[in-house]
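Overview (structure and organization)
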Amino acid sequence: MDKKIKEIKQMLINDLNEVDTLNNLNEIKPKYLGKKGLITELSVYLKDLEPADKKSFGILLNNLKNEVNNLFETKKNTIETNILNEKLAREYIDVTLPATKVTSGAPNILEKVIEEVEELLMSMGYDVVDGPEIEEDKYNFELLNIPKGHP
């Protein structure tokens, strides 16, 4: 059994050395850990062993599964790191450039309506003139010859 386990480990290491993409890694994983994988097939031999040997073989098999999972995770992390490093090398960002201005908030609804009405009136030929928000009594009444006590 030890020979078979060492063969599986060596095959796995050889396969992992050839893998360079995540897709290839995902294709190889079921070969070892799938339902009909090489490591899963080893558990078939458990029924033929004596009770004292089953425990030691079970521990050996679980250690092998954990080791294989760790190898796959390590290879996956290595591939992801390589992909990230390649992406960072291609996509250079100059942080010293001035940032684009980000507008915050939105125009007031009333201001928006006023602008739309002004655009409509200007399209009809009217002039839009700005003046003070509050007019004085002099300009509203006195210069129009309206008496002081007039309602």
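Overview of the structure.

Rules behind the numbers
Residues numbered from 1 in each chain as written. Predicted model: local features only at pLDDT ≥ 70, side-chain atom pairs only at ≥ 80, totals over all residues. Heavy atoms only, no water. Helix = DSSP H or I, 4+ residues; strand = E, 2+ residues; numbered from the N terminus. Buried < 20%, exposed > 50% of the residue type's maximum accessible area, 1.4 Å probe, protein only. Expected span 1.5 Å × (residues − 1). Contact = heavy atoms within 4.5 Å. Core = buried A, V, L, I, M, F, W, Y, C linked by side-chain atoms within 4.5 Å.

**Some details on the environment of Lys55**
- As for its placement among the helices and strands, Lys55 is situated in helix H4 (residues 51–90).
- Take Lys55: its relative accessible area is 62%, and that puts it in the exposed class.
- Considering only alpha carbons, one finds Lys55 and Ser123, 68 residues apart in sequence, at a separation of 91 Å.

**Re H4**
- Here H4 spans 59 Å end to end across 40 residues, near enough to the 58 Å set by a 1.5 Å rise per residue.
- Taken as a whole, H4 has its buried residues at Phe57, Gly58, Leu61, Leu64, Val68, Phe72, Lys75 and Ile79.
- Those residues of H4 that are buried lie in contact with helix H1 (2–18), helix H2 (22–33) and helix H3 (38–42).

**Points about the nonpolar core**
- Judged by nonpolar contacts, the single largest core of 16 residues is most densely connected at Leu12, Tyr32, Ile39, Leu42, Leu64, Val68 and Phe72.
- Per-element tally for this core: the top contributor is H4, with six residues.
- Residue contacts for Tyr32: discarding those within four places in its chain leaves Ile8, Met11, Leu12, Asp15, Gly37, Leu38, Ile39, Thr40 and Phe72.

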